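Here is how the chains run, residue by residue.
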Amino acid sequence: MDIIKRLADAGFEGYLVGGAVRDMLLKRPTKDWDYTTNASPEKILEIFPEANYDNAFGTVAIVTDDGLYEITPYRKEGKYSDARHPDVIVWAKTLEEDLARRDFTVNAMAFNKTIIDPFNGQDDLKNKLIRCVGVPDDRFKEDALRLMRAVRFATQLGFTIEENTFAAIKNNAKLLEKISGERIRDELIKILSAEFPGDGIKLLYNAELLQVIIPELTAGVGMPQPGHHIYDVFTHSIKALEACDNKSWLVRLAALLHDVGKPATYKERDGKPTFYSHETIGGAIARDLANRLHFKKEDREKLYMLVRWHMFSVSEFITDAAVRRFIRRVGVENTTDMLDVRTADRIGSGTPATSWRHEDFKRRIIKVQQHIPSVTDLAVDGNDVMKALGILPGPKIGMILNKLFEEIMEDISKNNREYLLNRIKEIA
Ligand code: ATP
Ligand code: MG
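Residues numbered from 1 in each chain as written. Chains lettered and ligands numbered in written order. Predicted model: local features only at pLDDT ≥ 70, side-chain atom pairs only at ≥ 80, totals over all residues. Heavy atoms only, no water.

Draft legend 1. Quick look at the overall build of the protein. Within the protein, the regular secondary structure consists of 23 helices and 13 strands. Here the C-alpha atoms of the protein give a radius of gyration of 29 Å, more than 25% beyond the 22 Å that 2.2 N^0.38 yields for 428 residues. Viewed in the frame of its principal axes, the protein has a C-alpha envelope of about 100 × 60 × 40 Å. Counting all 428 residues of the protein, 49% fall into the buried class. Restricting the contact set of the protein to residue pairs at least 6 apart, pairs at least 24 apart contribute 64%. In the form shown here, the protein has an accessible surface area of approximately 21,500 Å², with 52% of it arising from carbon and sulfur atoms. Here the protein contributes 62 positive and 65 negative side-chain charges, whose respective centroids are spaced 4 Å apart. (Helix = DSSP H or I, 4+ residues; strand = E, 2+ residues; numbered from the N terminus. Rg over C-alpha atoms; globule rule 2.2 N^0.38 Å. Buried < 20%, exposed > 50% of the residue type's maximum accessible area, 1.4 Å probe, protein only. Contact = heavy atoms within 4.5 Å. Areas by Shrake-Rupley, 256 points an atom, 1.4 Å probe, with all protein chains shown as cover. Lys, Arg positive; Asp, Glu negative; His and termini not counted. Charge placed at Lys NZ, Arg CZ, Asp CG, Glu CD.)

Given below as structure tokens:
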């Protein structure tokens with residue numbers, strides 16, 4: 001209200017606009033506040049000397065402790081020739097023109113004392129509908145990112161995409177290929193971070209967008225699985241995502257992708273479907289997707305790791321050495337996330353989660369890390385030293401064992417009998 005007042009005091013129109021108005025009407029919290037005005041960027045800067053101006057859209061930004069406030073002069077839609085960027089930015093004279101260039105009716109409302117709503121966004125809010133402003137087919141051809149945005153808003157808000165808008169998304173789905181990986185990634189992250197990410201991914205599939213973004217995943221549609229599995233590969237992947245009890249979008253994505261290597265490794269053997277090494281191929285596919293979508297390096301490597309190593313055993317019979325190997329592969333900081341993917345996988349197969357095995361495994365992870373290694377953990381003992389060197393008990397034996405122990409603490413992989421028996425002779 002202070003921003004609107006300062007613009008008015010200087011003789012300009014000013015409105016809160018877009019997502020903040022939508023969220024206000026939905027009583028959802030807002031971080032980013034967008035304003036539109038008939039003042040030029042230069043005038044806005046005069047009125048708000050504390051603001052920054054540094055982009056081609058004429059947006060002036062004020063950053064405060066409680067959020068980001070952006071003021072942009074009225075604009076209208078320029079011509080688009082590449083489904084990505086308007087050829088030129090065109091200033092507009094009226095608020096109505098500015099609202100007409102916005103993507104969806106629920107995002108095309110303004111507020112200044114009253115709600116200005118030329119496209120009946122309030123009705124669509126009530127009916128929980130995402131509907132294009134104007135002719136849907138034209139709007140998606142102008143800017144194909146809107147295809148993703150429609151699904152993203154529907155997922156975040158729990159809305160339905162209006163029929164004509166939905167038909168136009170399907171008709172234009174292929175245009176998504178023109179959109180950069182970064183922009184698709186940012187929308188996908190918002191979909192995965194929503195309260196019901198599984199609904200978002202199903203909507204992406206029904207809208208025929210998932211087929212463009214992750215074709216390796218949709219290759220599993222209808223692909224049968226043997227044994228305890230009651231779902232096809234794709235349905236199982238969605239169920240695993242839905243069962244993934246973890247707030248991180250990356251871990252959720254790993255749950256969705258854990259079997260992404262199955263379509264490529266599918267082979268019928270003795271009349272049964274098999275997927276040998278699907279976790280290896282799956283890891284490679286996950287890494288490739290992360291590269292296409294320009295993930296940060298650490299996100300890419302974590303996604304790879306979670307897919308690559310999802311096949312570990314949580315049986316109570318595995319050895320401490322196997323538990324240590326597991327920790328070494330996934331990294332101690334990732335063990336909980338890895339177990340969450342594994343649990344999601346099990347629940348997503350329709351198998352009970354057997355949570356006691358997971359709890360037991362977690363205890364063992366802690367236990368093997370608390371275990372302070374000593375000479376008795378060596379793969380050889382004093383008897384081996386005496387036999388190898390043909391000597392009798394004496395101080396030399398302890399000395400050799402201590403030396404071997406120091407070596408394996410440097411490199412735990414050296415703790416095998418064959419290697420150590422050779423080293424005994426060398427050291428002596
Ligand atoms: P949120 O910030 O909660 O994700 P938002 O609605 O504020 O949602 P932004 O991406 O911040 O979304 O965009 C602000 C406003 O700008 C939107 O509400 C919409 O009116 C307009 N807008 C953003 N991107 C586009 C686009 N690609 N095409 C048309 N209008 C857009
Ligand atoms: Mg916003």
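So much for the structure itself; the text now carries on.
Draft legend 2. Focus on the packing of aromatic side chains. Counting across every chain of the model gives nine aromatic pairs. For the pair Tyr35 and Tyr69, a centre-to-centre distance of 6.5 Å together with 25° between the ring planes defines the contact as stacked. Residue Tyr35 is located in strand S2 (residues 32–37), and its partner Tyr69 is located in strand S5 (residues 67–73); the two are separated by 34 residues in the primary sequence. When its relative accessible area of 16% is taken as the criterion, Tyr69 is described as buried. (Phe/Tyr/Trp six-rings, centres within 6.5 Å; stacked < 30°, edge-to-face > 60°.)

Draft legend 3. How the structure looks around the nonpolar core. Judged by nonpolar contacts, the single largest core of 95 residues is most densely connected at Ile130, Ile201 and Leu204. Not counting the four nearest positions on each side in its chain, Ile130 is found in contact with Phe104, Val106, Ala150, Phe153, Ala154, Leu157, Phe159, Thr160, Ile161, Glu162 and Thr165. Core analysis: the second largest hydrophobic core is formed by 12 residues, Leu378, Ile397, Leu420 and Ile424 among them. (Core = buried A, V, L, I, M, F, W, Y, C linked by side-chain atoms within 4.5 Å.)

Draft legend 4. Representation of unusual backbone geometry in the model. Positive phi, close to 65°, is recorded for Glu208, a residue that is not glycine. Relative to the helices and strands, Glu208 resides in the loop between helix H10 (197–206) and helix H11 (210–213).

Draft legend 5. Looking closely at the site of ligand 1. Among the 14 residues in the neighbourhood of ligand 1, the closest are listed as Arg22, Asp143, Arg146, Arg149 and Arg152. Note that an oxygen atom of ligand 1 is positioned 3.2 Å from one of the backbone N or O atoms of Gly19. Contact distances for ligand 1 include 3.1 Å between an oxygen atom and a side-chain N or O atom of Arg102. Look at ligand 1: alone it shows 580 Å² of surface, and the protein chains cover 76% of it. (Near = heavy atom within 4 Å. Polar contact = N/O pair within 3.5 Å; in protein donor to acceptor, adjacent residues only side chain to side chain.)

Draft legend 6. The pattern of salt bridges, seen in detail. Applying the stated criterion across every chain, the model contains 33 salt bridges. In this structure, Arg149 and Asp103 form a salt bridge, with 2.7 Å as the shortest nitrogen-oxygen distance. Taken together, the residues span a long stretch of sequence, with Arg149 in helix H7 (residues 145–157) and Asp103 in the loop between helix H4 (95–100) and strand S8 (110–112) at a distance of 46 residues. For Arg149, a relative accessible area of 22% translates into the label partly exposed. For Lys302, the salt bridge goes to Asp337, with nearest N and O atoms at 2.6 Å. In this pair, Lys302 sits in helix H17 (residues 297–308) while Asp337 sits in helix H19 (residues 335–348), placing the two residues 35 residues apart along the sequence. For the residue pair Lys302 and Asp337, the accessibility class agrees, reading buried in each case. (Salt bridge = Lys/Arg side-chain N within 4 Å of Asp/Glu carboxyl O.)

Draft legend 7. Representation of a positive patch on the surface. Positive charge collects at one region of the surface, where Arg324, Arg325, Arg328 and Arg329 lie side by side. A relative accessible area of 54% places Arg328 in the exposed class. (Patch = residues over 30% accessible without salt bridge, like charges linked within 9 Å, V, L, I, M, F, W, Y side chains within 5 Å.)

Draft legend 8. Examining the sheet that holds strand S3 (residues 52–53) more closely. Strand order in the open sheet formed by seven strands is S3-S4-S5-S2-S1-S8-S9, and the pairing between neighbours is mixed. A strand with exactly one partner marks an edge of an open sheet, and here the two such strands are S3 and strand S9 (114–116). Examined bridge by bridge, S8 and S9 share three bridges and lie antiparallel to one another. By the bridge assignment, Asn112 is partnered in S9 with Thr114. Docked against the sheet, helix H1 (residues 2–9) engages strand S1 (14–17), S2, strand S4 (60–64), S5 and S8, running at close to 155° with respect to S1. Most of the contacts of helix H2 (residues 19–26) go to S1, to which it runs at about 65°, and overall it touches S1, S2, S8 and S9. (Pairing = 2+ DSSP bridges. Axes fitted to C-alpha atoms, helices over the stretch in contact; angles between N-to-C directions.)

Draft legend 9. Molecular detail of the environment of Lys272. Structurally, the position occupied by Lys272 is in strand S13 (residues 272–274). Residue classification places Lys272 among the exposed residues on the basis of a relative accessible area of 53%. In the structure, Lys272 is positioned 103 residues away from Val375 in sequence and 49 Å away in space, judged by C-alpha atoms.

Draft legend 10. Up close: the pairing of S2. Of the strand pairs in this sheet, S1 and S2 are connected by four bridges, and their pairing is antiparallel. Residue Tyr15 lies in a different strand from S2, and its bridge partner there is Thr36. Two strands pair when backbone bridges link them, and S2 and S5 are joined in this way by six bridges, in the parallel orientation. Across the sheet, residue Trp33 finds its bridge partner in S5, namely Tyr69.

Draft legend 11. Molecular detail of the packing of H7 against H10. As a packed pair, H7 and H10 sit with axes 9 Å apart at the nearest point and diverge in direction by 150°. Classified by the angle between their axes, H7 and H10 sit roughly antiparallel to one another. Along this stretch, H7 crosses H10, giving a crossing that reads as right-handed. For the pair H7 and H10, contact is made by Met148, Val151, Ala154 and Thr155 and by Gly200, Leu203 and Leu204, respectively. Residue classes in the contact of H7 with H10 are distributed as five nonpolar, two polar and no charged. (Parallel < 35°, antiparallel > 145°, perpendicular 65-115°, else oblique. Left-handed = near helix turned anticlockwise from the far one by under 90°. Nonpolar A, V, L, I, M, F, W, Y, C, P; charged D, E, K, R; others polar.)

Note that all results are geometric; they support no functional claim without further evidence.
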